[in-house]
Every structure is written in structure tokens, then in C-alpha cells.
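Inside the fold
Now for the letters of each chain:
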Amino acid sequence: MAKSGDTERLKNWAVIFMEIAGGDIENYRPMDDYVRNPVLANICETVTGSLLNDWNRDILDFRSNVSISEFLRDSIGEKRLCEDSPLIRYAKDADISVQDVWLRREGWDQKLVNPLALMSSDSYLGAHRFDAFIGRVHSDFNVRNILIPTYLKVSPEDYIFIDYGGFNANGLLTWDQMYLLVSLATRWLRDIDLSSSKARSLIRCLANHQADNEDPDFEKEHEVIRSVFHAGYKWAASKSYGDRWVPQCHLSLAAAALVFLGRDIPNLHGPIDGWLFDLAAVALTEYLQITNLESNKVSDLSNTLAKASHAQRRQELEGSMPVAGVGIASQTASPPSLERPPAPTSRPSTHLIWTWTSRASALCRHAALRLVIFCGIVFLLIIVSGDYYRPSTEHFIPNSRGSLVATPSSPPPETISHATECSDHPSGMSCDNQDPVAQGCTEDAVVVPGGGNSGMASQVHLEVKLWWSSRCQSFWAAARPREKVYFQSYVEPDRHNAQRFFSTQRLQADWLVSPMAHSDSYRIGAKACALLSGSVPKWVCTQMLLPDGKTPS
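This structure is a prediction, so every number in the text was calculated from the model and none was measured.

Each value, and the rule that gives it
- Residues numbered from 1 in each chain as written.
- Predicted model: local features only at pLDDT ≥ 70, side-chain atom pairs only at ≥ 80, totals over all residues.
- Heavy atoms only, no water.
- Helix = DSSP H or I, 4+ residues; strand = E, 2+ residues; numbered from the N terminus.
- Pairing = 2+ DSSP bridges.
- Axes fitted to C-alpha atoms, helices over the stretch in contact; angles between N-to-C directions.
- Contact = heavy atoms within 4.5 Å.
- Core = buried A, V, L, I, M, F, W, Y, C linked by side-chain atoms within 4.5 Å.
- Buried < 20%, exposed > 50% of the residue type's maximum accessible area, 1.4 Å probe, protein only.
- Polar contact = N/O pair within 3.5 Å; in protein donor to acceptor, adjacent residues only side chain to side chain.
- Parallel < 35°, antiparallel > 145°, perpendicular 65-115°, else oblique.
- Left-handed = near helix turned anticlockwise from the far one by under 90°.
- Nonpolar A, V, L, I, M, F, W, Y, C, P; charged D, E, K, R; others polar.
- Phe/Tyr/Trp six-rings, centres within 6.5 Å; stacked < 30°, edge-to-face > 60°.
- Lys NZ or Arg CZ within 6 Å of the ring centre and 35° of its normal.
- pLDDT = per-residue confidence, 0-100.

Below, the discussion takes up unusual backbone geometry. Backbone geometry at asparagine 65 places phi at a positive 60°, although glycine is not the residue there. Inspection of the secondary structure assignment puts asparagine 65 in strand β4 (residues 61-67). Even without a glycine there, the phi angle at serine 240 is positive, about 70°. Within the element layout of this structure, serine 240 appears in the loop between α7 (219-238) and α8 (242-260).

Written out as C-alpha cells, the structure reads:
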């Protein structure tokens, strides 16, 4: 390991004097020596936690507006996607086409998403955009580059990392953790037939760490996998971004598996490339499920276009009024021709319009004709979806007791049938996603201590509060801007599954209240947020808090 300053310059050459890491080649052993050791989970949680808590102590940064395709390609590197790369050669040998969104893989009952399809620049699912964690990244965080001292006892906290050749000060922050897991998996597979159901069980452990372990032989491995995910989640949650961590981990897990594909890994029972490709496919399938992209993408596109066009029309009518519009530049691709149909939406006529126009536009190559088709689609969607932006008549204000009341208000039709069910029998089923006024939950409502925040988002000042009802044992968010804009409020319960309950998006400058999120007997906290949607969405959020104002442990 090179010491800082130990260099000598000789004309155009540099000499670096090296020394043994830790000064004792027998004391500091690579993590590879601990693959079957009971302390492995503790080692992994310590070193991966240190990458975030120590290396990135004062850093919280994002790469804005990154698509799934860009995230994967950046992680894997363009060289690994060229014609003669191991990945592309494997795909050709396995008869996998980039055009196939879904694949049937041997040993798997369900169809899996094709990693190559999501990486394609033409991919519709791959065009989904988000803000990616970035920071200081080792980049080659494998079991040979992490050294643990053993003198007197195993001391994970005194680790030494080596081989900083790939260090990146602005790398994707979930990369190192997932790269380490794939590196460990190549060791765990040494005693396993790679085409067996046991090998597929390990993929399930890696790609869905929150599920119960289905194979008792992988109990220790499952503990290690959870320790790595948990160390990262804990760091992200401390920054109030816990919901974003796990989905991005799935993308990095898939990318890391594809980076290992083609490598000569000794002591394995059979070729590993197929197993690595399956791991990437399962991880990406899991990503689509936990983010609801698989079922909602087509209907989301229709709603986005309708909202964007309506926002633009309102802006033209109201002159210089500030509007946080919905960006559509990256959303104009035709919906995918999936082998399995997308989930039904609440507007089948909208879906039929999109299905017809996507087929028609595929036949068109002329830019002007496509523009005409696009304008026609927008016009039809405005007609079909014209009620999305009906001006709000709801004005939520605190009453004399500090409770939240609405004037005037009428609960949406879908909440009337459940009226008072939440307040009479509070539970996740009766309260989640329900209207607090319609459910009779506002009479005893109070703002959670410390549950207020305000800030600027896209040059708009937003105020947001986290409300709590003891009667309904539920939270909700209330938000308002200082000027008339399109915005949403939402409440996010601390359930480790990126679940949020959104209000409708409204054009107003008054309080806008989200649906409720049940607290599960006061054990689950929540945070309240206001969201301005745009080509890069902007948030203002409170902390994640329990009903008494304390931070969840």
C-alpha cells in the first residue's frame, strides 16, 4: 500500500515505494479468508457502513435526472457493451435480443426483464428518470481488496482498503456495496452446481433481501446480504432519503453482476455467466416491482402528457403565473410492446388511444408526420382526461384548537363508502390512502412536534407540515406554496419499502392535504413532503418522525 508522499520523480518517470499493509503480512488477511466465518456479517456491515459514514461523512449529493439506462450503462462501462465484449457474446450465444423486453430463463417460472433491453437508449422502461446518490466510491470493492487484522482478535473496525486505482470522487454510491455482494457470491457458489435450484435460491437472497430465506443452507449468507443492505439503508435514512436507497441498490446489483460476467473465476462447478445474467435479470425485475414501473408506466405516461399539456394551456391563459410544469422531453417514446399486457388502468380508453398510436407511429419515419400524430394524441388525452386539473375548492386551515378543518370541502366519491371506518377501527387496511376529513380524523389532529419545514424548490417557497391523529393512529401531510403553482403533498411512512401516499396534483396557493398513512400502533414514523413536478422533480420534506416528535430508531 503506497504511503502519501512516498514518490520520487525521475525525469518522465515516477517511482512509488510500497510497504506491507498494516506492517504485518500475517496479521492483515483479505476478506476472502472470512467467507465462511461467522463474523462475516459484522465485517461487511462495518466496512460498507464506513464507506458511507466516514468516506462520505459530510457529503449528500445526487446526479439529477438520471435514467435507468444511463445508470446501468455508466456502471457497466461502454467497453463492456461493445460488439466483442463477453456480455454481448453471451447474449448472442444465448439467443437474447435487445428487442426482447421480457425473457424466459431456464429454471425460472416467471418471465424476467431483459437487462440489455433496459440499457438500450430506445428502452421505454429504461427512460424512467430519478436522482442517483453520488459520492466517494472505491470502485473495485472486492473480497481481495479489504484487509482485516486478526492479531489477538478479528477487528473489522481496523480494516485497510487497498487498490485505489479506480477511486471515483463522484461515483454512484450504491456501487461498492453491491459489487462486494457479487464478489462474495462468487465464493459462496464454489460448492454449488450453478444450474441447480440452490444456485437460484442464492439469486433470490441477493435480489430480495427483505423476503424470508427459503433455503436453510443460506442462513449465514442471508444474514451477510441483509447486513450490507442495512448499513446503506441506515445511512440514507439518516439523511431522510431511505426510500431511494434500496431501489438504486437493485440497479447496482444488476450492473455488478454483468461486470463480473465473462471473468475467469476459479473453483466453480460449471460456467457462471448464465447465473450472473440471471442475477442481473432478477434484480432488475425486482426493481420494476418495488418501484411499480412494470404496471404503471403506460398509464403514468398518459397522465403525464395530459397534465403537462393542461399546465401549458393554463400558463398561456394566466400570463406570467409561475407554473411547475411536468417535463415530457424524455417521455415521448411509444409505450413498450411487452409480451405480457400492462396492468389495466382506470381509463381504458386512454390505453386504447396509446396502443393504436404507438403502432401507427412505428410505421412513420418522417419527423413532421410524427409531430402531427403527437399533437393529436395530446389533444385526445386532454379530452379523455380533462378532469385531472379541475381547480381545487378545498382550503385547509387550522381551527382554534390547532386541528385541521376543511372549508368548503366534499370528500372524493371513493372515500365516502369508507367514511369513519378508519376512525372506528384504525388499521393499515382501513386508514392507508384514505382522506383524513372524510374519515373523521381531523377533530383531534395536531402537528407532530418538530414536524414542520419550509424551503425553496424551483424558486417556489413551500411550507409543509406533518399531521397526526391519535383517534385514527395515522399521519398525513399538508403543504402550501406562497404563490399559485402545480404541486402535490405526500406522506411517507417509515416502512422500508419506498411507499408514499400522494394527494392529487393541484393548481393553487392554499393548503393541500395528502391521504393518510397508518402508524402500526405508533411503531412506524413518517415524514411529510411537498413536491413540484418538473423535468427534475423538487422536494421539501420534514424529518422522519414518530407521533411524539422523536426520530425512529
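Strand pairing in a sheet takes place through backbone hydrogen bonds and is either antiparallel or parallel in direction. Across the sheet, three strands lie side by side as β3-β8-β9; this open sheet has antiparallel pairing. Taken across any chain shown, the strands that pair with only one partner, and hence form the sheet edges, are β3 (28-30) and β9 (160-161). The pairing of β3 with strand β8 (residues 146-149) spans three bridges and is classified as antiparallel. Across the sheet, the residue bridging to tyrosine 28 is proline 149, located in β8.

Here three strands make up an open sheet; going across it, the order is β4-β7-β10 and the pairing antiparallel. Each having just a single partner strand, β4 and β10 (168-172) make up the two edges of the open sheet. Strand-to-strand twist across the sheet, computed as the mean angle between neighbouring axes with direction ignored, equals 40°. Relative to strand β7 (residues 129-137), β4 runs antiparallel, the two being bridged by five bridges. When the bridges of β7 are listed, arginine 63 appears paired with alanine 132. With respect to the sheet, helix α2 (residues 68-76) is in contact with β4, β7 and β10, its orientation differing from that of β4 by roughly 115°.

On to the nonpolar core, then. Residues Met31, Leu184, Trp188, Leu189, Leu206, Trp245 and Trp275 are the most contacted members of the largest nonpolar core, which totals 99 residues. A total of 12 residues in this core trace back to one element, the largest contributor, which is α8. Membership of the second largest hydrophobic core comes to 22 residues, among which are Leu466, Ala479, Ala526 and Leu545.

In this structure, lysine 527 sits in strand β21 (residues 526-532). Within the structure, the side chain of lysine 527 is placed 2.2 Å from the backbone oxygen of serine 240, a separation counted as a polar contact. Every residue in contact with lysine 527, bar those within four places of it in the chain, is listed here: Ser240, Tyr241, Asp243, Leu466, Tyr490, Val491, Glu492, Cys541, Thr542, Gln543 and Met544.

This next bit is on the packing of α8 against helix α9 (residues 273-290). At a minimum axis separation of 8 Å, α8 and α9 run at an interaxial angle of 165°. Comparing their axes, α9 and α8 come out roughly antiparallel. You can see that α8 and α9 cross each other, and the crossing is left-handed. On α9, the residues that touch Val246, Pro247, His250, Leu251, Leu253, Ala254, Ala257, Leu258 and Phe260 of α8 are Leu276, Phe277, Leu279, Ala280, Ala283, Leu284, Glu286, Tyr287 and Ile290. Taken together, the residues of the contact of α8 with α9 break down into 16 nonpolar, one polar and one charged.

The next thing to look at is the packing of aromatic side chains. Counted by the stated rule, this structure contains 16 aromatic pairs. A ring pair is formed by tryptophan 55 and tyrosine 164, whose centres lie 6.0 Å apart and whose planes are at 25°; its orientation type is stacked. Of this pair, tryptophan 55 sits in the loop between α1 (40-53) and β4 while tyrosine 164 sits in the loop between β9 and β10, and the two are 109 residues apart along the sequence. On the basis of relative accessibility, which here comes to 16%, the residue tryptophan 55 falls in the buried class. A relative accessible area of 35% means that tyrosine 164 is categorised as partly exposed. Each member of the aromatic cluster is reached from another via a ring pair, and the members are Trp55, Phe141, Tyr159, Phe161, Tyr164 and Phe167. One residue, arginine 244, lies across the ring of tryptophan 539, its end atom 4.2 Å from the ring centre.

On to the confidence of the model for the protein, then. Summarising the model, the protein shows a mean pLDDT of 77, and 71% of its residues fall at 70 or more. Of all helices and strands in the protein, the one with the weakest mean pLDDT is helix α13 (residues 413-416) (35), whereas helix α5 (residues 175-188) scores best (97). Confidence over residues 296-366 falls short of pLDDT 50; this stretch has 106 contacts with residues more than four positions distant or in other chains. The low-confidence segment residues 383-419 (pLDDT under 50) makes 73 contacts with residues lying over four places distant or belonging to another chain.

Its location among the elements puts glycine 450 in strand β13 (residues 446-457). Assessed through its relative accessible area of 60%, glycine 450 is described here as exposed. Once the C-alpha coordinates of glycine 450 and leucine 466 are considered, the two residues, 16 residues apart in sequence, prove to be 8.7 Å apart.

So, about the environment of arginine 482. Mapped onto the secondary structure, arginine 482 falls in the loop between β15 (474-481) and β16 (485-493). Take arginine 482: its relative accessible area is 66%, and that puts it in the exposed class.

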